[in-house]
Each structure stands twice: as C-alpha cells, then as structure tokens.
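Summary of the model geometry
One letter stands for each residue in the lines below.
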Amino acid sequence: MIKSEMAGGGFAAAGGGNARDYGGGITFSVVVTSLMAASCGLIFGYDSGVTGGVTQMESFLSKFFPEVLRGMKSARRDAYCKYDNQWLTAFSSSLFIAGTLSSLVASRVTRAVGRQAIMLLGGVMFLTGSIINAAAVNIAMLIIGRMLLGFGLGFTLQSAPVYLSETAPAKWRGAFTSAYNAFVVIGILSATITNYFTNRIPGWGWRVSLGLAAVPGTIIVAGSLFIPDTPSSLVLRGHHDRARAALQRIRGADADVDAEFKDIVRAVDEARQNEAGAFRRLFSRRYRHCLAVGLGIPVFYEFTGMIVISIFSPVLFRTVGFNSQKAILGSVINSMTNLASTLLSTSVMDRTGRRLLFIVGGVGMMLCEVAISWIMADHLGKHQGVTMPRSYATGVLVLICLCTFSFGLSWAPLRWVVPSEIYPVEVRSAGQALSISVALCLSFVELQVFIALLCAMKYGVFLFYAGWLLTMTIFVAAFLPETKGVPIEAMRSVWERHWYWKRYVNNASHHDGRVVDEGTD
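Computed from a predicted model, the values in this text were never measured in an experiment.

Let us now look at the overall build of the chain. When you go through the chain residue by residue, the secondary structure sums to 24 helices and zero strands. Within the chain, the proportion of its 521 residues that are buried is 62%. A separation of at least 24 residues holds for 81% of the contacts in the chain among residues at least 6 apart in sequence. With an accessible surface of roughly 18,500 Å², the chain has 65% of that area assigned to carbon and sulfur atoms.

So, in structure tokens, the structure goes:
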C-alpha cells in the first residue's frame, strides 16, 4: 500500500496538488543524448517522403506496376483514379502493418533490455530493409524490404519518444520530445529533395531513392551505441547506481537530483507491484483517462488526412495537373513548410501549452481541407479536362502548404509529445505500444484505401477529413488537460484537477485492488 505521501512525491505536491519542480537546466549531455534519440525520427520521415515520390516515378512504375503507367497515359482515365492499384498501395502500406506487430513485441522486450537497445535493434532492421529495397527485382522483394523497414520503425517508435520524455527536464519536455517530429520532417524533406534529383535518372533513379534510406538507418545504429539508457528504464531493471549516475549526468554535475531520483524509484516500485498484466490493466477504470487520451490522440492524428497528404502529395499534385518533376518540387516546398512550422512549434509549445496549439492547428487544417475540396469539386475533371487549370492547381498547392503549416504547428509534434508523457511508469511501455500499434494499424488501412477513396469519393475525401478535424478539435478542448511543465512522474496532478477525469483518479483506491492513494479519496 502506498500512502498519501506519494501525492507529495512522484505525483503531486503536498497540499495544493501542484506538480513538483525539480529544478535543473539544459545541459550539454541532455542535449546530445536527446538529439541522438530524436534522430530515430529520420527513418520514419525519410520513408514517408521517399515513398510518395517513388510511386509516381515512371521508371519505378514501368518496372513493377506497368498497368498504372498505362492508366496514367490514358485520356479516358478518371483524373481521380490514375493511381488506383492495390499492389501499388500495398507497397506503401505494408510497412505500417509490420510496424504494428513489432511495436507490440518491442513493448515486452523493452522491459528486459531497455529503451536504448530497442532503438539499436530498430536501426539495424531498418538498415537491412533499405538494402533489400534498393536491390529489389520483383514486387516480393519490395514487400519484404518494406516489412523489415516496418519492423525497424515499430521498434524505434516504441522507444524514442518515451526515451525523450523520461530524459528531458520537465520545463522543456515539450521541446525535447517534439524534436522527434522535427527529425521526421527533416527526413521527409531529405527524401523529397532526393526524389527531385533521382527522378531525372532514367531506369534506376528509384533505386538511389530507396537505397539512401540506409543513411538514416546507419545514423540510428551508430547513435544508439553512444547513448545511455534512461534512469527510469535502468531502475526498472534493477540498476539503481547506473540510473542515478545517468540522471546526474543529464541534469549536470552540480544539480541536486535526490528528489527526482526518489520519485523515479517510488514510481518504479509501484510499477513492480503492478507488473503483471499491464495491457489488461490499461483497460481498467484506474487508467481510463490515460487510455482515452493516449489512444484518442493517435487515432485522431490519422484522421487529419495529413499522413496521406505527406506520402501521396506527389500523386495528388500529378492528379491536379503537375508533371512528374514539378509534382516532386511541390512536395519539396510542402516539406520545407512542414519543417518551418515544426521548428516554430518546438519553440513555443512549452510557453503556449499543448491544448491551444491543438485547437489552433485543428481549425486551420479544417478550413484548408474544405477549401481544397471546393476547388477540386469545381475545377478537376470538368469540361472534358483530365486535370484542372494551372492557376487552380497552384491554389491547391498553396492550400496544402497552409494545411501542412497548421499540422506542423500542432498535431504533428504533439502527437508524439502527449502520449509519451501521460502514462504512469507501470503501464508506460504498454501504453506507448498500444498507442503506436493502433496508429500504425490505422496508417496501414488509410494508405491502403486512400487512392481508392480518392477515386470513389473524389473531392469529398477532403470533406471527410474536415469532419474528423472538427470532432477531434472538440475532443481536445473538452478532454485534454494541459501537461506543459509537469514532471513526468507527477502527471497525476493534472488529472486530479480536470473537470471530467478527476472522478477516475480520485476514486482509484476503490478499483483494481492494487495501489491505494488515501490522500486523494
């Protein structure tokens, strides 16, 4: 039984319920360590950026999907249906189903080997998959390579965001954790620039694009060899001396880490008492608030429509009338917009808070997607034309960039920040695995059906996403508590003060029969 002093330690300060500030600042060690972990985002970003460009390269299509190439050149082909081929979308989406499975496996392995080792394994698998894809001679090799990329992605997604949350100082945790998304965007930008140049290479330019995924894979492998594990993960595996030394190193030699280390140990002790059945207990009343938000955010993220715009933007630009080279250039511009907004978000989220950025970004994306739908409805495929007039096609490009800016300012970085910081340590790995696996599974489904949806729903597909954006903005406004500046082991305090979720936190002692907090009853 854990008494009420826990409320004054790892969860909330005594009396007022405010989270404890451990002090400490940004040190060289925490910056280097966090940048190494955040660089795991490169593999996610590079793959997302390179895939959309490659799938509209004529050299790639002529080798693996000649029927798509014939459809593109057919004057009678519906403008919305040029790329409607299930094998082609399977190439894009197979990575995500592999990532779904591997993230669940990584959750269990993490408890045994730690987060640093999981990042290393993920980098090795991604590196292997990139080599197979570059050497592919048939669709089977492409899919096998994509599956290995997915396994690597699932492992790094499971470990890197939580690594950043557990390592970063509470006051700047949003900026440090959102660095993962900054590297995702850098990866996307690198991939689209690569595609722009390799698209000019006849016959085998696509091999260069796919093969250069080995570069971020190598960075992850090399970086993982030089970073320590997180203090929470080390304590969880019984390495208290190493954990304290790691905490002292990242907080600085002169920092007093006693209070923070005691709270980590206290939280891990609770985790050990509740070690069995973490996945099952996630669905109990005790963790309902964490589960609702921890699953709600990645699920809603998928329905922003931005994952398909990110991957299929060259396809969309080809659909509305750009040639291959200009379509990839449009994706480069879009990626640069994404990077600018992500860097802006990183610099302001620990000042403005998470909720405001979620709401502003959601409204911005919704308005842009409604406008895109309106333009496409009025000007694409009308008057016997297979594309829209150039001025309207440019308007779609501008609106997609504005939508991407809103996305990069809000949902793109916060999707990694919030789920990684809200779960208690005893279910953190399980919660992160569930969040990641659900998101990757939805990504698989969405990528598999998006081109078919574009063909069937036409411009209405953007209205579909706009409706979801309205729903998720309302959800955030009503049910997401503000978590900026709260130490990760003190997150309970924000739930205790929330108008709705406090009923689950304050009554935890009456449910699940495990950890009792008498001070909040």
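With that settled, the discussion passes to the pattern of salt bridges. Tallying each qualifying case throughout the model produces 11 salt bridges. A salt bridge links Glu 260 to Arg 251; the nearest nitrogen and oxygen atoms lie 2.9 Å apart. As far as the burial class goes, Glu 260 and Arg 251 line up, both buried. Between Glu 421 and Arg 354 there is a salt bridge; the shortest N-O distance is 3.1 Å. Separated by 67 residues along the polypeptide, Glu 421 in helix α20 (residues 411-422) and Arg 354 in helix α18 (residues 354-379) bring together distant segments of the chain. The class of Arg 354 is buried, set by a relative accessible area of 0%. A network of salt bridges, in which partner residues are shared, links Arg 173, Asp 350, Arg 354 and Glu 421.

Grouped together as the largest cluster of nonpolar side chains are 115 residues, with contacts concentrated most on Phe 60, Tyr 180, Trp 411 and Trp 495. Here this core takes nine residues from helix α19 (residues 390-409), the largest share from any one element. With 17 residues, the next largest nonpolar core counts Val 30, Leu 234, Ala 243 and Phe 261 among its residues.

Although it is not a glycine, Lys 458 sits at a positive phi angle of roughly 55°. Positionally, Lys 458 belongs in the loop between α21 (428-457) and α22 (460-479). A residue is classified by how much of its surface remains accessible, and Lys 458, at 27% relative accessible area, is partly exposed.

Remark: α20 packs on α21, axes separated minimally by 9 Å, with the N-to-C direction vectors making an angle of 150°. Judged by the angle between their axes, α20 and α21 are roughly antiparallel. Along the contact surface, α20 presents Arg 415, Trp 416, Pro 419 and Ser 420, while α21 presents Arg 428, Gln 432, Ser 435, Ile 436 and Ala 439. In terms of residue class, the contact of α20 with α21 is built from four nonpolar, three polar and two charged.

One pass over the full model with this rule turns up 25 aromatic pairs. Taken together, the ring pairs in this structure connect Phe 300, Phe 303, Phe 464, Tyr 465, Trp 468, Phe 475, Phe 479, Trp 495, Trp 499, Tyr 500, Trp 501 and Tyr 504 into an aromatic cluster. If you follow Arg 415 out to its NZ or CZ, it ends over the ring of Tyr 301, 5.5 Å from the centre. Here the guanidinium or amino end of Arg 415 rests over the ring plane of Trp 416, the centre of that ring lying 4.2 Å away.

On average, the chain scores 81 in pLDDT, and the residues at 70 or more come to 86%. Scored below 50 in pLDDT, residues 1-19 shows 49 contacts in the model against residues more than four places distant or in partner chains. Within the model, the stretch residues 509-521 combines pLDDT values under 50 with 35 contacts to residues more than four positions away or in other chains.

This part is about the environment of Leu 234. Within the secondary structure, Leu 234 is located in helix α11 (residues 231-236). Leu 234 gets classed as buried once you look at its relative accessible area, which sits at 2%. Considering only alpha carbons, one finds Leu 234 and Val 268, 34 residues apart in sequence, at a separation of 10.0 Å. If near-sequence neighbours (up to four positions away) are discounted, Leu 234 is found in contact with Asp 229, His 239, Arg 242, Ala 243 and Ala 246.

Let us now look at the side chain of Arg 146. Mapped onto the fold, Arg 146 is located in helix α7 (residues 139-167). In this view, Arg 146 contacts Asp 47, Thr 51, Phe 91, Ser 92, Ser 94, Leu 95 and Asn 133; residues no more than four positions away in its chain are not counted.

Taking 1.5 Å of rise per residue, 12 residues should cover 16 Å, and α20 covers 16 Å from first to last C-alpha, within 8% of that figure. Burial analysis of α20 places 12 of its 12 residues in the buried class, the great majority of the element. Restricting attention to buried positions, one finds in α20 the residues Trp 411, Ala 412, Pro 413, Leu 414, Arg 415, Trp 416, Val 417, Val 418, Pro 419, Ser 420, Glu 421 and Ile 422.

Tracing the sequence through the fold places Trp 501 in the loop between α23 (492-496) and α24 (502-505). Owing to a relative accessible area of 5%, Trp 501 belongs among the buried residues under this scheme. Filtering out sequence-adjacent residues up to four positions away, Trp 501 remains in contact with Arg 288, His 289, Ala 292, Val 293, Phe 479 and Trp 495.

Conventions and cut-offs
- The numbering scheme is per chain: residues are counted from 1 as the chain's sequence reads.
- In keeping with the predicted nature of the model, local features appear solely for residues at pLDDT of at least 70, side-chain atom pairs appear and are counted solely at 80 or more, and the whole-chain, interface and lining totals rest on all residues.
- Calculated side-chain values reflect all of the structure's heavy atoms, with hydrogen atoms and water omitted.
- Counting from the N terminus, the helices are the DSSP runs of H or I reaching at least four residues and the strands are the DSSP runs of E reaching at least two.
- For the exposure calls, accessible area comes from a 1.4 Å probe over protein chains only, and a residue counts as buried if that area is under 20% of its type's maximum, exposed if over 50%, partly exposed in between.
- Any two residues whose heavy atoms approach within 4.5 Å at even a single point are treated as in contact.
- Only the protein chains shown count as cover for residues, with accessible areas throughout obtained via the Shrake-Rupley method and a probe of 1.4 Å.
- What makes a salt bridge here is a side-chain nitrogen of Lys or Arg within 4 Å of a carboxyl oxygen of Asp or Glu, nothing more.
- Note on terminology: a nonpolar core comprises buried Ala, Val, Leu, Ile, Met, Phe, Trp, Tyr and Cys residues joined through side-chain atoms within 4.5 Å.
- Lines fitted to the C-alpha atoms define the axes, with helices restricted to the stretch that makes contact. Angles between their N-to-C directions range from 0 to 180 degrees.
- These descriptions rest on fixed angle ranges, namely under 35 degrees for roughly parallel, over 145 for roughly antiparallel, 65 to 115 for roughly perpendicular, and the rest for oblique.
- Polar here means any residue outside two lists: the nonpolar Ala, Val, Leu, Ile, Met, Phe, Trp, Tyr, Cys and Pro, and the charged Asp, Glu, Lys and Arg; Gly therefore counts as polar.
- Working definition: rings of Phe, Tyr and Trp (its six-membered ring) pair if their centres are within 6.5 Å, and the pair is stacked with planes under 30 degrees apart, edge-to-face with planes over 60 apart, and tilted otherwise.
- Geometrically, a lysine NZ or arginine CZ counts as sitting over a ring once it is within 6 Å of the ring centre and also within 35 degrees of the ring normal.
- Confidence of the prediction at every residue is given by pLDDT, a number between 0 and 100.
- A helix is expected to span 1.5 Å multiplied by its residue count minus one.

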